[in-house]
Amino acid sequence: MKLVGKQTWKFQHDIYLNSFGTAVGPKEASGPIGNEFDISHTDLHCGEDNWELAERRLMEQSIQVCLEKVNYTFKDIDFFLAGDLLNQNVTSNYVARLNQIPFLCMFGACSTSMETLAVGTALIDGGFANRIIAATSSHNATAERQFRYPTEYGGQKPDTATFTVTGAGAALVSKQKGPIKITSATIGKVNDLGVKNPFDMGSAMAPAAADTISQHFKDLNIQPDEYDLIVTGDLSSVGSPILKELLKEEGYDLGTRHNDCGLMIYRADQEVFAGGSGCACSAVVTYGHIVKELISGNLNKVFVIATGALLSPMMIQQKESIPTIAHGVVLERA
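Definitions and cut-offs
- Residues numbered from 1 in each chain as written.
- Predicted model: local features only at pLDDT ≥ 70, side-chain atom pairs only at ≥ 80, totals over all residues.
- Heavy atoms only, no water.
- Buried < 20%, exposed > 50% of the residue type's maximum accessible area, 1.4 Å probe, protein only.
- Helix = DSSP H or I, 4+ residues; strand = E, 2+ residues; numbered from the N terminus.
- Pairing = 2+ DSSP bridges.
- Disulfide = S-S within 2.5 Å.
- Salt bridge = Lys/Arg side-chain N within 4 Å of Asp/Glu carboxyl O.
- Lys, Arg positive; Asp, Glu negative; His and termini not counted.
- Polar contact = N/O pair within 3.5 Å; in protein donor to acceptor, adjacent residues only side chain to side chain.
- Contact = heavy atoms within 4.5 Å.
- Axes fitted to C-alpha atoms, helices over the stretch in contact; angles between N-to-C directions.
- Parallel < 35°, antiparallel > 145°, perpendicular 65-115°, else oblique.
- Left-handed = near helix turned anticlockwise from the far one by under 90°.
- Nonpolar A, V, L, I, M, F, W, Y, C, P; charged D, E, K, R; others polar.
- Phe/Tyr/Trp six-rings, centres within 6.5 Å; stacked < 30°, edge-to-face > 60°.
- Lys NZ or Arg CZ within 6 Å of the ring centre and 35° of its normal.

Caption draft 1: Quick peek at the pairing of strand β9 (residues 180–186). Extensive coverage of β9 is indicated by the burial of 6 of its 7 residues. Sheet topology places strand β2 (residues 8–24) next to β9; 6 bridges connect them, and they run antiparallel. Within β9, the residue paired with L17 across the bridge is I180.

Caption draft 2: Examining the state of the cysteines more closely. Per the counting criterion, the structure on display carries 0 disulfides. C105 takes part in no disulfide bond, and the closest cysteine sulfur to it belongs to C279, at a distance of 11 Å. With a relative accessible area of 38%, C105 lands in the partly exposed category. Take C279: it sits in no disulfide, and the sulfur closest to it among the cysteines is that of C110, at 5.0 Å.

Caption draft 3: How the structure looks around the pairing of strand β4 (residues 79–83). Within β4, 4 of the 5 residues are buried, which leaves the element mostly enclosed by the surrounding structure. As paired elements, β4 and strand β6 (residues 131–138) share 5 bridges and run parallel to each other. Bridge pairing links F79 to I132 in β6. Direction of pairing for β4 relative to strand β5 (residues 103–105): parallel, over a ladder of 3 bridges.

Caption draft 4: The arrangement of the pattern of salt bridges in detail. Going through the model one piece at a time under the given rule, you end up with 6 salt bridges. Here D14 and K181 are joined by a salt bridge, their closest N and O atoms 3.4 Å apart. Remark: K181 occurs in strand β9 and D14 occurs in strand β2; sequence separation between them is 167 residues. A residue is classified by how much of its surface remains accessible, and K181, at 23% relative accessible area, is partly exposed. A salt bridge links K218 to E250, with the shortest nitrogen-to-oxygen separation between them at 3.3 Å. Taken as a pair, K218 in helix α6 (residues 201–220) and E250 in the loop between α7 (236–249) and β11 (258–260) lie far apart in primary sequence, 32 residues in all. Overall, K218 belongs to the partly exposed group, its relative accessible area being 45%.

Caption draft 5: Fine view of the side chain of D260. In this structure, D260 sits in strand β11. There is no salt bridge for the buried D260, and the closest opposite charge comes from K244, which lies 10 Å off by N-O distance. Separated by 2.6 Å, the side chains of D260 and T232 make a polar contact. Within the structure, D260 has its side chain in polar contact with the backbone nitrogen of S236 (distance 3.1 Å). Leave out the neighbours within four places in its chain, and D260 touches V231, T232, G233, D234, L235, S236 and S240.

Caption draft 6: Local environment of the packing of helix α2 (residues 51–68) against helix α3 (residues 90–99). Packing of α2 against α3 brings their axes to within 9 Å, and their N-to-C directions diverge by 50°. Here α3 runs oblique to α2, going by the angle between their axes. Of the two elements, α2 crosses α3, and the hand of that crossing is right-handed. Where α2 approaches α3, its residues E55, R56, M59, E60 and I63 are matched on the opposing element by T91, S92, Y94, V95, R97, L98 and N99. Its residues placed into classes, the contact of α2 with α3 shows 5 nonpolar, 3 polar and 4 charged.

Caption draft 7: A look at the packing of aromatic side chains. All chains considered together, the criterion is met by 4 aromatic pairs. Centroid distance F217 to Y252: 4.8 Å. Interplanar angle 50°. Geometry classified as tilted. Placement of the pair is F217 in helix α6 and Y252 in the loop between α7 and β11, with a sequence separation of 35 residues. Note on accessibility: F217 and Y252 belong to one class, buried. Arranged with centres 5.6 Å apart and planes meeting at 25°, the rings of Y227 and F303 form a pair that is stacked. Within this pair, whereas Y227 is found in the loop between α6 and β10 (229–232), its partner F303 is found in strand β13 (residues 301–309), the two being separated by 76 residues in sequence. Residues Y227 and F303 agree in their burial class; the two are buried. Above the plane of the ring of F163 lies K27, whose end atom (NZ or CZ) is 5.3 Å from the centre.

Structural data, given as structure tokens:
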């Protein structure tokens, strides 16, 4: 691995995304890309007794289907990198208890999908692992219960709010030739522009996404037209326009190359406020839809930037502003 510029890792070996798995809830399954997910559930409980067990099942299923596609078992994997939104990453920890793969627990809030993928790829590029699984999950009801109000409460929300995606995504990465190559990653810095409203994550996270994307272009000395698609994690209809304006001020016009996973996963008539969010948002769109577009040749080179709000209920109660971060990974058709 080579550090290029200030924040970008350029991988020295050919590293591939060999397999991927997704599991989603009912609203995600009925969205515009719903038929591209591996496992879909018809109810939020996913056959379990509570929301937290449902989220755990989603992550377990995404990993299992990822391994089954290439006829691997847990024993074939060197390290498991995962994180989620719940306190102490309990979903990931309990899944790791089950699969018994050496485990690196990671937290980047909704940026965790690309954080785990970037770090896992770096481990392989450096010779510290042969195969890794990178995974993350979120569940609408578990996130609402922890960060806002329990779903049963029926609290009112403004139009700037986002809707946490119920789902999980997993990716298998190795040096074994596969359909998609992982060529570089840009690690983000924590940004905080003073936004304190947890119901407006798009405005809070847009500056972090702009900072990482701008630095990526500078580090590699490239322009937006290097990519067929530059996709952010969950900026929604609120944060995406802000991102474009911030990058224009830096001299980068994304034009029609930009999209947002939070806008891709739901239809406008699905009552999701400003769009999707949550760890699973970028994970299921990337590992369910974007990878298939790369394999089919509809896309050749994509920059995926997952955005995360690094808040906790306690900090919001203490009137703190919301620190945010974004990590980006480049995927290319092999």
